Amino acid sequence: MSGDPELRSETPLLEVENLRTTFYTDKETVRAVDGVSFSIHRGETVGIVGESGSGKSVTARSIMGLVESPGVVEEHSSIRFRDTARVRTFADQFDQHTIDMSDDDSAGARDETSFVVVEDRNEVGEISQGYIDIAQAPENAVRQLRGGDIAMVFQDPLSSLNPVYTVGNQIKEALRLHQGLRGNDATEEAANLLEAVGIPDAKRRLTEYPHEFSGGMRQRAVIAMALACDPEVIIADEPTTALDVTIQAQILDLLDDLQRTRDLAVMFITHDMGVIAEVSDRVNVMYAGEIVESAPVVELFKRPAHPYTQGLLNSIPGWQDDTERLSTIEGEVPTPTDPPTECRFAPRCPKAFEECWKVHPQAVTLDKGTTDHRAACLLYPDDLSTEQAIDQHTQSHNTEGDS
Amino acid sequence: MLEQRHTASGEDSRTLWQRIRNEPRPAVLWLAGLVGLLLLEAGAIIHFSLQILSAVVTAGLGDGQLSIIANAVTASDQIPTLLSRETIPNQGYWNGQRWVGTFLGLSPAVSWATRATLIYLYSFGLLWWLWRGYRIYRDRYRQADWTPRDDQIDRFANHTWGKFGLFVVISFLIMALFAPALGPTTFVQNIQDPYEHQIQYFNDETSTVESVSVGQANLDASSRGNPDQNVGIMSYDRYDRFHPVGTMPLGVDLLTFLAYGARVSLFIGLSSIALAGFIATALGLITAYYKGAADLITVVTSDSVQALPVIMLAILFVVVFQDTAIAEFYSGAVLLVILFALVYWPYLWRSIRGPALQVVEKDWVDAAESFGQAPRAIMQKHMLPYIVGYLLVYGSMSIGSIIISVAGLSYLGIGISAPMPEWGRAVSAGQPYVASVSWHITFIPGFLITLVVTGLNAFGDGIRDAIDPQSETSSGTEEEVTTGGTGA
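Since this is a predicted model, take the numbers as computed values, not measurements.

Undergrad: Is there a simple way to think about the pairing of strand β7 (residues 116-121) of chain A in this case?
TA: For a regular strand, the rule is simple: side chains alternate between the two faces of the sheet. Residues and elements named next belong to chain A. Pairing between strand β6 (residues 98-100) and β7: three bridges, direction parallel. Within the sheet, the bridge partner assigned to Thr98 lies in β7 and is Val116. When β7 meets strand β8 (residues 127-133), the two strands line up antiparallel, connected through five bridges. Counted as the bridge partner of Asp120 is Gln129 from β8. The turn joining β7 and β8, which pair antiparallel and follow one another in sequence, is formed by five residues; a positive phi near 90° is taken by Gly125.

Undergrad: Got a minute to help me understand the interface of chain A and chain B in this structure?
TA: In many analyses, interface size is given as the accessible surface area lost on bringing the parts together. Contact residues are listed per partner, giving 31 residues for chain A and 25 residues for chain B. Among the elements of the structure, α3 (139-145), β9 (150-153), α4 (167-179) and α6 (202-206) of chain A are those that each provide at least two residues to the side of chain A that touches chain B. Looking at the side of chain A that touches chain B element by element, the count peaks at three residues for α4(A). Class assignment for the residues of the side of chain A that touches chain B results in 14 nonpolar, 12 polar and five charged.

Undergrad: Teacher, can you tell me more about the domain arrangement of chain B here?
TA: Residue and element names in this part refer to chain B. When cut into domains, chain B gives domain 1 (190-252) and domain 2 (255-486). Between the C-alpha centres of domain 1 and domain 2 there is a distance of 39 Å. Taken together, the 17 residues of domain 1 in the interface contact 15 residues of domain 2. Listing elements by their share of the side of domain 1 that touches domain 2, those giving two or more residues are α10 (187-192) and β6 (242-245).

Undergrad: Help me understand the environment of B:Gly460 in this model?
TA: All names here are of chain B. Turning to its location among the elements, Gly460 is positioned in helix α19 (residues 440-467). In the structure, Gly460 is positioned 68 residues away from Leu392 in sequence and 7.0 Å away in space, judged by C-alpha atoms. Those residues in contact with Gly460 that sit more than four places away from it in its chain are Val393, Ser396 and Met397.

Undergrad: Is there a simple way to think about the confidence of the model for chain B in this case?
TA: Low-pLDDT portions of the prediction should not be read for the details of their coordinates. Residues and elements named next belong to chain B. When pLDDT is averaged along chain B, the result is 86, and 92% of the positions lie at 70 or above. Counting contacts from residues 1-11, a segment whose pLDDT is below 50, to residues more than four positions away or on other chains yields two contacts. This complex was scored by the predictor with a pTM of 0.81 and an ipTM of 0.81.

The rules behind these values
Residues numbered from 1 in each chain as written. Chains lettered and ligands numbered in written order. Predicted model: local features only at pLDDT ≥ 70, side-chain atom pairs only at ≥ 80, totals over all residues. Pairing = 2+ DSSP bridges. Helix = DSSP H or I, 4+ residues; strand = E, 2+ residues; numbered from the N terminus. Contact = placed C-beta atoms within 7 Å. Nonpolar A, V, L, I, M, F, W, Y, C, P; charged D, E, K, R; others polar. Domains from an automatic or database assignment. pLDDT = per-residue confidence, 0-100.

The following block contains the structure:
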């Protein structure tokens, strides 16, 4: 919806690569997020869509470093945050955990505790490119990133505000933490923030309790809290699910506005295809811990490739023409407990064939012509015969297994 | 009034001071009343503050250079205080025509009753005035129209059983606080050094006023279960001393004994619960926030502690520490405080563990984490307020069982060493006379223990219902809906 792809910088602000988050319980091992990769640029909105239980929220929490025991972000996952200013401060602060790859002599000496990587320096020796690997960073480092660099907006605006404190108190808490504002300055700034998210009479509203706000107001206040830290990335975890449709539209407009004025990178999680169409630049469809399809928003709606995506779009009321009954996807999302050896969607897939139960599909481009539309389905690439396609999936699976 | 506030709420960044200046009358009136009430007891307040100061200075500097404070303490005795035995004396004698030495020449019984009544009236009056002050603040000066605590306070105010508990607890507190003025005589004179003090009485045979030591008088006023040797409830002994609830086997005034005993019980109960509560809260927050190993270790430790039999442990503790310095403090009360704190924290911790685990799952804890708040601040700001209520409930109930345990230990002759009064020792002393005319010695302290423990439990029930928004109250369903999400 915003940001011209041509103008974007080459390197994304946030890169998630091969993210695996596993929950080890006594009963079973749940691979809630199983090898997810995507990236977000400044000024871009990336949508993550999927049913309940598909791993959307765990992905978000993994990026925030908020996965709680018994959940573990697996070793080879990497979440790279590429904000140069932050990399510079971290390179100073966590000197011992920094690897400098810019000069060739010492390159590659990466030990297990390093999480700050310097890739390039400019003429005067300042760091010009590098990243912080959130998946490897220790808790105290991640805490500094939270809020100030990556902020989160939660699903239920009522329960994400503490009912015993006034809204102002809670916004000021975030302001004090990240901008060191206290007293009247903090009140002033908090009022500005509330105004920025479209709450009239902000000064008075600051002294009110969350229950005195309407649902939409609360979500605005929560967004104001997220903005109080002046983040680069906002992760919005179903921010409009608890709201009615008109308020939803307002909140989406607000997020759009804020993104434009502050050049935010937004990761937008929802199960609502309509909302995704409205806000996203790029969409990732998640199913059972994996991204099954990834495409620019217009392309995805024009040419949904994966049978799951097609099913999702078909189950939107009003999209089918003459059928009397709404078509649905039968069954529910399986809980992924074992490493995949088959297509996890096969049991529900209308187009499943024998090989779907034997080969785990990899994300491939739809055909030779397209570059930014990928689907993890044995039916693709389109321009190969089914046997060739299956071969390609099997091979890439093996090479990945070797690495 | 209401209208005023709504128009004013537009520019509501005014400070409390500005709001008071806008409408000073209620605040000024209330403050004048408070000052008046406090002036009545100025002597006692200054004396008490100076004593604490002197204790602190003594602890800090040693005994030297204390004459100034010591002098000040002595001087403060001269400041008139309404509720003291100097202002309303009850010790006197009947010289054949009239009472000598008592308040306005009234009988010792009436003098004592006047003083005791005034003490209770004054204390409840002061508390009521403070409550009024809170209402004035809440209705007129507070910035917020409503806070979640308001509902809890209102629910408690509608809770009859809880209010009964509060009444009993406050009465008990007053008894402990005003112990020196409440008894017909004092601890030092009647219990600690009876042979150092003399009283005057009128000898009928010689028709003269004579002196006798308190110790000797006590021996003649003992209650030993036979009609010749008994000073029961509301009666005089042969030296014209009035005993509101009779005397003990050695002639000690029972009410004086009970009043000072209340101090000991209260000190032990409150201190050990405060200490145990502190340990429990710290552990509760940490185990709920970090879970895992921290939780497991605490579970195992608390299980082990809870498996120990308290009274056995107490006996062991008292015997082991018998001749050490720690057993000297406050006749052994400090030792018991440490013991009960160590024994009671697992119970309190278990009581708050559930609520703590519940609140840590709330989205606002996640939200605070997501904007980078430190764990310590999250625990204090976003978790603690939800736990305090439960702590009050279980704490007030545990104080009851601690008071019973202390009394039980004294009954067995350990714990608080004589002559320091302790209710359990009175129960034990009167045991041989339960079925005689001297039944009061055991019955009254026993009844008081039961009453106070019941009161503490009732108070705990009241708080529990007050902090639970789902509980049934007269205040309708709409309120329940609006506060349903607080989780408190």
